[in-house]
Amino acid sequence: MIDAPGHDCPDCPRLVEFRHRNRAAFPDFHNAPVPSFGSEDARLLIVGLAPGLKGANRTGRPFTGDYAGDLLYATLGAFGFARGTYTQRPDDGLQLVGCRIVNAVRCVPPENKPTPAEIRTCNRFLAAELAGLPKLAAILALGRIAHDASLRALGLKLSRFAFGHGAEHDLGDGRMLFDSYHCSRYNTNTGVLTPEMFRAVFARIRARLRS
Ligand code: SF4
């Protein structure tokens, strides 16, 4: 069993305060740390940034209910990492195949921006994920914060591995770290990340996991 935060994790005061406000404003939302999605047999771990207020913070499943999930789950399905139909609901029956999804920060931050202290505080849960997946061969970091948080959770020096969209880093222990720009609506609307660019990253990961 991988160590994960409790429903009322008290460790980030600003996020706890935001959680309480959201519980009052949106009583039907999940409004708690969002657990990982996928099996502990996963060979691929996808690391996002943090739950979106009306996405994962609402539904309780990473990347579920907002635009970022539309692109991510469509791409996972296209490369055989997901089975079923994604319908933006946590009860849609979608299953991940050899893949698991987690956020670097488990609680929704105001304006989608966790502070450096919050990222550091939640890092122990990411470290527990990475240590608790015995078959893990590849990590996909969605954005620079996820990249840095993954390295920190693995105890690796950030200066040795520069973030870059499409970059691949040999972590020296048989595992690879892949980087992509985050699949947020902002990045796709502005053309920073196109679906083709995103698919190209997954094509490399799929090829790597076959070898
Ligand atoms: S972000 Fe992580 S460490 Fe901070 S309160 Fe939420 S679960 Fe706890």
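One structure accompanies this document, and this report is about it. Predicted model only: the values in this text are computed from it and were never measured.

What the chain contains, in helices and strands, is seven helices and eight strands. Seen through its principal axes, the chain has C-alpha atoms that stretch 50 × 35 × 35 Å. Burial status across the chain gives 52% buried among its 211 residues. Counting every atom, the chain has about 9700 Å² of accessible surface; 52% of that belongs to carbon and sulfur.

The next point concerns the sheet that holds strand β2 (residues 44-48). Here we have six strands laid out as an open sheet, ordered β1-β5-β2-β6-β8-β7, and mixed in their pairing. Looking at the sheet topology across the chains shown, the edges are occupied by β1 (37-38) and β7 (168-170). Its contacts with the sheet put helix α3 (residues 67-78) on β1, β2 and β5 (99-103), and the angle it makes with β5 is roughly 160°. Across the sheet, helix α7 (residues 195-210) touches β2, β6 (138-142), β7 and β8 (176-180), and the angle it forms with β8 is around 170°.

Quantified by volume, the largest pocket comes out at close to 690 Å³. As for the largest pocket, its lining consists of 29 residues, of which Leu49, Ala50, Asn112, His182 and Ser184 are closest to the centre. Looking at the lining of the largest pocket, the elements with two or more residues in it are α3, α5 (144-153) and α6 (185-189). Taken together, the residues that form the lining of the largest pocket break down as 16 nonpolar, eight polar and five charged. In this structure, the second largest pocket occupies an estimated 190 Å³ of space. Taken together, 15 residues make up the lining of the second largest pocket; nearest its centre are Ile2, Ala4, Pro35, Ser36 and Arg106. Class assignment for the residues of the lining of the second largest pocket results in eight nonpolar, three polar and four charged.

Time to look at the packing of helix α4 (residues 116-131) against α5. As a packed pair, α4 and α5 sit with axes 8 Å apart at the nearest point and diverge in direction by 65°. The angle between α4 and α5 places the two elements in the roughly perpendicular class. For α4 against α5, the interelement crossing comes out right-handed. Of α5, the residues touching α4 (which contributes Ile119, Arg120, Asn123, Leu126, Ala127 and Leu130) are Ile145, Ala149, Ser150, Arg152 and Ala153.

We now examine the pairing of β6. For a regular strand, side chains alternate in direction, first toward one face of the sheet and then toward the other. The element β6 is extensively covered by neighbouring structure, given that five of its five residues are classed as buried. The two faces of β6 match: Ala138, Leu140 and Leu142 on one face and Ile139 and Ala141 on the other face are all buried. Relative to β6, β2 runs parallel, the two being bridged by four bridges. In the strand pairing of β6, Leu44 is matched with Ala138. Relative to β8, β6 runs parallel, the two being bridged by five bridges.

Right, let's talk about the packing of α3 against α7 for a bit. Contact geometry of α3 with α7 gives a least axis separation of 10 Å together with a crossing angle of 45°. One way to sum up the angle between α3 and α7 is to call them oblique. Once α3 is placed against α7, the crossing between them reads as right-handed. Counting all contacts with α3, which are made through Leu71, Leu72, Thr75 and Leu76, the residues of α7 involved are Pro195, Phe198, Arg199 and Phe202. The residue inventory of the contact of α3 with α7, partitioned by class, reads six nonpolar, one polar and one charged.

About the cut-offs
- Residues numbered from 1 in each chain as written.
- Predicted model: local features only at pLDDT ≥ 70, side-chain atom pairs only at ≥ 80, totals over all residues.
- Heavy atoms only, no water.
- Helix = DSSP H or I, 4+ residues; strand = E, 2+ residues; numbered from the N terminus.
- Buried < 20%, exposed > 50% of the residue type's maximum accessible area, 1.4 Å probe, protein only.
- Areas by Shrake-Rupley, 256 points an atom, 1.4 Å probe, with all protein chains shown as cover.
- Pairing = 2+ DSSP bridges.
- Contact = heavy atoms within 4.5 Å.
- Axes fitted to C-alpha atoms, helices over the stretch in contact; angles between N-to-C directions.
- 1 Å grid on protein atoms, 1.4 Å probe; cavity = no way out; pocket = protein on both sides within 12 Å on 5 of 7 lines; lining within 4 Å.
- Points joined across faces, edges and corners; volume = space filled by probe spheres on them.
- Nonpolar A, V, L, I, M, F, W, Y, C, P; charged D, E, K, R; others polar.
- Parallel < 35°, antiparallel > 145°, perpendicular 65-115°, else oblique.
- Left-handed = near helix turned anticlockwise from the far one by under 90°.

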